Every structure is written in C-alpha cells, then in structure tokens.
Amino acid sequence: MPGDSHLPKALQGLRIPAVASPLFIISVPALVIAQCKAGVIGSFPALNARESEGEAPLLEAWLKEITEELDRHNQANPDSPAAPYAVNQIVHRSNTRLDRDLEICAKHEVPIWITSLGARVEVNDAAHSCGGIALHDIINNRFAKKAIEKGADGLIAVAAGAGGHAGPQSPLALISEIREWFDGPLLLSGSIATGNSLLAALAMGADLGYIGSPFIATEEANADQGYKDMIVSSGAEDIVYSSLFTGVSGNYLKGSVENAGMDPDNLPEGDVSTMSFGDKREKPKAWKTIWGSGQGIGAVKDVVPAAEVVSRIEREYHAAFARLKDRMT
Ligand SMILES: Cc1cc2nc3c(=O)[nH]c(=O)nc-3n(C[C@H](O)[C@H](O)[C@H](O)COP(=O)(O)O)c2cc1C
C-alpha cells in the first residue's frame, strides 16, 4: 500500500488499509485465515477459543493452525503474501484467563495485539516482549491519552455506529481530537462497510479502517444463518444502541431483540456491574441471541466469502479515490 511507511511494519503492505476487527463468537480460524489471505489483517478474540475443562488450551491450537496455513500460503504465493493476524484480549476483571492467554500469545509471537475494555501496562509489555505491537480501543480522547501513557503503540477509535460496544461520539470529532496530539497508528471503527467510507476514514486522519459487521455475513463466519440473513436484510434504522445486554452501551440488531420478546424502542438501562466475560456469564443472551451489528450494514447485500467483501471494498476504494482526484484537480 503506498504511503504506509510511517506505520509499524506489521501494518504495512496491506491490500487495502484495513483491519478485519475481532468479533465475539464469530471470528474463528477459518475467517481469520480468509481475511489475511485476502490482504487485510484478520483478528479474533482470544476468548473465542474455549476448550472444555481438562483439555489443552484451544488458543494454542488456533494460533498453530493460523500461522501454519498463512506460512503455506506465503510459500505458494510469494508475490501476494497474506497480511499478518491479530489477537484481541479483553482486559476486564471477569476475564480470568487473561494471564494464561498473554503467555500463550507471547510464546507464539503474535504480531498484533488488540486490547479492549482496559489499558494495562503488563499487557502492552507482553506484546512487546515478543516483538508485537499493541493497539488499544477507546471511545474518547481521555481514554486515548491513558492508553498511550500505559504503553500502547496505537489506538482504535471506536466511534458512534460501531457494532458491539460502541462509543457515542462522531468519528469526525473523535479522530480530530486525537490527531491534535497523537501522530502514531490510528484506526477508525464504526460503520465502515464501503470503500467510500474507508477512504473517508483516511481523509479524516485515520491510518486504517477497522471493519467488523460486514464480515458477519460471510461464509466463513461462525454465526447462525438467521444472523447472517438479518445483516443482509437490515440497514442503519434497524440498529438499536442499548446498555441493557452487557452493561456497556452497544449496537444490536433490532430484529434479534424483537425475536427475544423485547421491544427494542423501550429497553431499560443495563447495569455495568453485571458485565462478565468469565465462564459463568450471567447474560448468555448478549451476542448469542441478541445479535451485535454496526450501522453500516446497508452496504451488505449477500452472504459471500470473506475475500469477496475485501474485493468489493477494494474496488469501491479505488473508484472513490479516482472520483475525488478528478474533482480536486
Ligand atoms: C457481533 C460483534 C462482536 C464483537 N466482539 C468484539 C470483541 O470480542 N472484542 C472487541 O474488541 N470488539 C468486538 N466487537 C467490536 C468490533 O471489533 C468493531 O469495533 C466493530 O465491529 C466495528 O464496527 P462495524 O461493525 O460497524 O464495522 C464486536 C462487534 C460485533 C458486531
């Protein structure tokens, strides 16, 4: 990718400037491998790899599968190597596996570490111990400053309209405020589902787009067919922003809330103290039956292989660039 030499090596050379973001339950090795082979950074939450009690850590098996398959691809396709992959750590007190997962990721030299819900020095140190970089997601400028103080290498600005836990701020405001003091790697999350939006993210000052919901409606995604179909048939007005399901505000498909017997337009507030990522989650409904999605899904017209999502966005991105260039010269 031209113009990316200011970025850390792991973020350079992508087919389009984008990271396929980690999706709870949905991101599994088949999806991550397809995203990386298609030329964007693929990712998954470490917590998606859940073994039964007494079994060997599934996270190790997933890391082995992903690295071996990407190595095979790179040997067979030296001219179009796969993008690197990222692992997401949920840095929340209810994640009782965190220390173990950090150790496994350091051992396997994970190149990109994405941290959510808490900035901690020791997590960034673990990433750096194996030559990795740490990107932390934030919803406002204050958290962004805190994340960099704690040693993150880059930031993911999660703006209004993002799928899953999302901030309330306009991406225009959030990126501008962060760019006043931060010139390191900055990713934008929230409703980027077209090449036009991806180019807009770069015009705003972001280095890369962070794309989640369009990858739910892919063949490789670990999601119910009904969920994939609802992504295809829904648009921005079918999304509700609510804190009820996890205690933290996020965006969900109204149709899934209705299917669960609730009125999406009259939801009570959630309670942040009940948020749990441990094995004894009290609210199994969130994510499994209440389906997360960002507002950008009007662009998703079909369930397709992940590589097709990347190809479509790439085509649109170059067309948008050519159109703007024409207008500005
Ligand atoms: C169903 C779903 C699950 C998600 N799970 C996670 C997660 O486990 N960890 C995380 O850091 N972000 C998670 N996110 C947030 C995404 O990584 C990303 O910020 C968001 O999807 C970007 O917005 P978009 O969906 O509009 O593209 C999730 C989003 C969705 C839609």
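Small disclaimer: the values here were computed from a predicted structure and weren't measured.

> Is there a simple way to think about the site of the ligand in this case?
Every one of the 25 residues lining the ligand counts as a neighbour, but Gly163, Gly164, Gly212, Gly292 and Gly294 are closest to it. Here the shell around the ligand is composed, by residue class, of 10 nonpolar, 14 polar and one charged.

> When you look at unusual backbone geometry in this model, what are you seeing that I'm missing?
Most peptide bonds are trans, and most residues other than glycine sit at a negative phi. Residues other than glycine seldom take positive phi values, yet Ile25 does so here, at roughly 70°. Tracing the sequence through the fold places Ile25 in the loop between β1 (18-20) and α1 (29-37). The phi angle at Leu117 is positive, at roughly 70°, despite the residue not being glycine. The residue Leu117 is located in the loop between β4 (112-116) and α4 (121-129) in this model.

> Teacher, can you tell me more about the sheet that holds β1 here?
The strands making up a sheet associate through backbone hydrogen bonding, with each pair oriented either parallel or antiparallel. Ordered in space as β1-β9-β8-β6-β5-β4-β3-β2, the eight strands form an open sheet in which the pairing is parallel. Among the strands making up the open sheet, the edge pair consists of β1 and β2 (42-45). Geometrically, the sheet is characterised by an average inter-axis angle of 25° between neighbouring strands, direction not taken into account. As defined by bridge partners, strand β3 (residues 85-90) adjoins β4 across five bridges and the pair is classed as parallel. Of the residues in β4, the one forming a bridge with Val87 is Trp113.

> I'm lost on the sheet that holds strand β7 (residues 164-165) in this one. Help?
In spatial order, the strands read β7-β11-β10; together these three strands make up an open sheet with antiparallel pairing. The sheet terminates laterally at β7 and β10 (239-242), the two strands that pair on one side only. For β10 and strand β11 (residues 250-253), the ladder comprises four bridges, and the chain directions are antiparallel. Bridging across to β11, Tyr241 finds its partner in Asn251.

> I would appreciate a short explanation of helix α11 (residues 306-328) in the present structure.
Count 3.6 residues to each turn of an α-helix, and residues three or four apart come out pointing the same way. Spanning 23 residues, α11 covers 33 Å between terminal C-alpha atoms, matching the ideal 33 Å at 1.5 Å per step. At its buried positions, α11 is contacted by α1 and α7 (195-204).

What counts and how
Residues numbered from 1 in each chain as written. Predicted model: local features only at pLDDT ≥ 70, side-chain atom pairs only at ≥ 80, totals over all residues. Near = placed C-beta within 6 Å. Nonpolar A, V, L, I, M, F, W, Y, C, P; charged D, E, K, R; others polar. Helix = DSSP H or I, 4+ residues; strand = E, 2+ residues; numbered from the N terminus. Pairing = 2+ DSSP bridges. Axes fitted to C-alpha atoms, helices over the stretch in contact; angles between N-to-C directions. Expected span 1.5 Å × (residues − 1). Contact = placed C-beta atoms within 7 Å.

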